[in-house]
Amino acid sequence: MTGERVDAWLARAAGRLAGAGLDEPRFEARLLLAHALGWSAESVLRHASDLLSGETLRRADALVERRRRREPAAHILGRREFWGLEFQVTPDVLDPRPDSETLIEAALAEIGGRDAPLRIVDLGTGTGCLLLSLLSMLPNATGLGVDLSAAAVEVARRNADRLGLGDRARFRIGAWGEGVPPGCDLVVANPPYIPTAEIDRLQAEVAMWEPRLALDGGADGLAAYRSLFPAIAGMLRPDGFAAVEIGAEQGDDAAALAAASGLALRRRVRDLGGRDRCLILALRASGPKKQLEKNGPPSRVVA
């Protein structure tokens with residue numbers, strides 16, 4: 001097989017990936033070959049008639065086999081783009097998803113001005129994508145990321161350093177709010193919210209490969225919120241707020257749990273698919289802002 005052309009390999013690999021049920025086999029084949037070569041995906045197209053060496057073919061075929069077993073592409077490539085930034089991804093952390101960018105948009109819209117010296121806490125930080133995306137937009141803010149997983153904390157630290165944000169971001173191992181002093185301006189969190197019985201019915205890339213700790217929300221999917229919301233209430237400033245991701249059908253139940261913990265619902269935020277994705281919460285006596293729920297259409301914050 002030594003000397004197989006790039007375009008011939010792409011056609012062969014795409015056929016194997018299509019047979020595994022992947023939706024974009026040609027695109028994924030190009031990403032995998034680019035990774036094997038150390039090229040950009042665009043370079044692969046520009047070199048369609050080039051011949052691939054035997055060693056390159058072995059590397060590329062091994063990547064295709066991993067993807068055929070439904071290992072997430074982000075695990076294979078070791079990276080995922082989120083909020084225009086590139087994050088390292090390992091099997092120890094949840095793969096950042098575009099829907100979670102809704103939380104970043106909502107938080108930035110709530111903040112308004114970008115120059116304040118805000119203190120941000122990210123609970124269940126994983127890759128650090130929420131905290132680091134916010135710090136990239138808020139030049140005078142500092143942040144703390146907390147996660148139960150020591151491996152996740154190490155991934156988040158590496159991401160902070162790679163993105164040039166290590167001087168404004170700290171990370172620590174701990175449970176919700178553990179060791180976090182009061183007086184935070186903004187708390188963000190994407191807790192596990194999948195009901196236990198539903199996890200094995202998720203997409204294979206999620207059910208088989210993603211860390212169960214970051215997915216399992218207990219019998220009703222709300223277990224994490226029962227601990228998370230009291231922790232948030234204990235760390236916010238009187239005029240601070242929280243942006244918390246929720247499952248599409250959890251808005252009412254999550255809001256009720258928040259209220260029982262002394263938090264008021266400012267608004268729900270929908271993602272671009274029109275599904276409830278985020279709750280904006282504040283302390284019940286947080287000042288003159290009206291604490292009325294507002295269900296506006298999905299929107300994008302322009303940086």
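Residues numbered from 1 in each chain as written. Predicted model: local features only at pLDDT ≥ 70, side-chain atom pairs only at ≥ 80, totals over all residues. Heavy atoms only, no water.

1. Brief notes about the overall build of the chain
The number of helices and strands found in the chain is eleven helices and nine strands. Dimensions of the chain, computed from the C-alpha atoms along their principal axes, are close to 70 × 40 × 35 Å. For the chain, contacts bridging at least 24 residues in sequence account for 68% of all contacts bridging at least 6. For the chain, the exposed surface amounts to about 13,500 Å²; the carbon and sulfur share of it is 52%. A distance of 2 Å separates the average location of the 39 positive side-chain charges in the chain from that of its 41 negative side-chain charges. (Helix = DSSP H or I, 4+ residues; strand = E, 2+ residues; numbered from the N terminus. Contact = heavy atoms within 4.5 Å. Areas by Shrake-Rupley, 256 points an atom, 1.4 Å probe, with all protein chains shown as cover. Lys, Arg positive; Asp, Glu negative; His and termini not counted. Charge placed at Lys NZ, Arg CZ, Asp CG, Glu CD.)

2. Considering the sheet that holds strand E3 (residues 119-123)
Taken together, seven strands build an open sheet; the order of strands is E5-E4-E3-E6-E7-E9-E8 and the sheet is mixed. Two strands bound the open sheet, and with one partner strand each, they are strand E5 (169-173) and strand E8 (263-270). In this sheet, neighbouring strand axes are inclined to one another by 20 degrees on average, regardless of whether the strands run parallel or antiparallel. One ladder, built from five bridges, connects E3 with strand E4 (residues 142-147); its direction is parallel. (Pairing = 2+ DSSP bridges. Axes fitted to C-alpha atoms, helices over the stretch in contact; angles between N-to-C directions.)

3. Considering the confidence of the model for the chain
Overall, the prediction assigns the chain a mean pLDDT of 92, with 93% of residues at 70 or greater. Considering only residues more than four positions removed or in separate chains, one finds that residues 286-303, a stretch of pLDDT under 50, has 37 contacts. (pLDDT = per-residue confidence, 0-100.)

4. Section: the pairing of strand E9 (residues 276-283)
Among the eight residues in E9, eight count as buried, and that is most of the element. Here strand E7 (residues 236-245) pairs with E9 via four bridges, running antiparallel. Paired with Ala243 across the two strands is Ile280, which belongs to E9. Pairing of E8 with E9 involves seven bridges; the strand directions are antiparallel. The residue of E9 that forms the bridge with Arg268 is Leu279. The antiparallel pairing of E8 with E9 creates a hairpin that spans five residues between the two strands, and Gly274 there sits at a positive phi of about 80 degrees. (Buried < 20%, exposed > 50% of the residue type's maximum accessible area, 1.4 Å probe, protein only.)

5. Focus on the packing of helix H10 (residues 223-235) against helix H11 (residues 251-260)
Put simply, H10 and H11 touch, their axes get as near as 9 Å, and they point 35 degrees apart. Judged by the twist between their axes, the crossing of H10 over H11 is right-handed. Where H10 approaches H11, its residues Tyr225, Arg226 and Phe229 are matched on the opposing element by Ala254, Leu257 and Ala258. A class-by-class count of the residues in the contact of H10 with H11 yields five nonpolar, no polar and one charged. (Left-handed = near helix turned anticlockwise from the far one by under 90°. Nonpolar A, V, L, I, M, F, W, Y, C, P; charged D, E, K, R; others polar.)

6. Quick notes on the nonpolar core
Among the nonpolar cores identified, the biggest contains 34 residues, and Ile120, Leu134 and Leu138 are the most heavily contacted of them. Elements with a contribution of two residues or more to this core: strand E2 (85-88), helix H6 (101-111), helix H7 (129-137), helix H8 (150-162), E5, strand E6 (184-189), E7 and E9. Broken down by element, this core gets its largest block of residues, seven residues, from H7. Core analysis: the next-biggest nonpolar cluster, separate from the first, contains 32 residues, Leu222, Val244, Ala258 and Leu265 among them. (Core = buried A, V, L, I, M, F, W, Y, C linked by side-chain atoms within 4.5 Å.)

7. Details of the side chain of Thr90
Looking at where Thr90 falls in the secondary structure, it is placed in the loop between E2 and H6. Once residues within four sequence positions are removed from consideration, Thr90 is found in contact with His75, Val155 and Arg158.

8. So, the state of the cysteines
As enumerated under the stated definition, the model contains zero disulfides in all. Between Cys129, a cysteine without a disulfide, and Cys278, which holds the nearest cysteine sulfur, the sulfur-to-sulfur distance is 13 Å. The exposure class assigned to Cys129 is buried, which follows from its relative accessible area of 9%. With a relative accessible area of 0%, Cys278 lands in the buried category. (Disulfide = S-S within 2.5 Å.)

9. Side note on the packing of aromatic side chains
This structure, assessed with the given rule, holds two aromatic pairs. On the basis of an interplanar angle of 75 degrees and a centroid distance of 6.3 Å, the ring pair of Phe82 and Phe87 is categorised as edge-to-face. When sorted by exposure, Phe82 lands in the same class as Phe87, which is buried. Ring geometry for Tyr225 and Phe229: centres 5.4 Å apart, planes at 25 degrees, overall stacked. Here Tyr225 and its partner Phe229 are both found in helix H10, four residues apart, which amounts to about one turn of the helix. (Phe/Tyr/Trp six-rings, centres within 6.5 Å; stacked < 30°, edge-to-face > 60°.)

10. A word on the environment of Ala14
Mapped onto the secondary structure, Ala14 falls in helix H1 (residues 6-19). Separated by 16 residues in sequence, Ala14 and Arg30 place their C-alpha atoms 8.6 Å apart. Excluding its chain neighbours within four sequence positions, the residues that come into contact with Ala14 are Pro25, Arg26 and Ala29.

11. Points about the environment of Asp200
Mapped onto the elements of the fold, Asp200 is located in the loop between E6 and helix H9 (204-209). Measuring from C-alpha to C-alpha, the distance between Asp200 and Arg69 comes to 16 Å, with 131 residues separating the pair along the chain. Excluding residues that lie within four positions of it along the chain, Asp200 makes contacts with Ala207 and Arg212. Here the side chain of Asp200 touches Arg212 through a polar contact of 3.3 Å, side chain to side chain. (Polar contact = N/O pair within 3.5 Å; in protein donor to acceptor, adjacent residues only side chain to side chain.)

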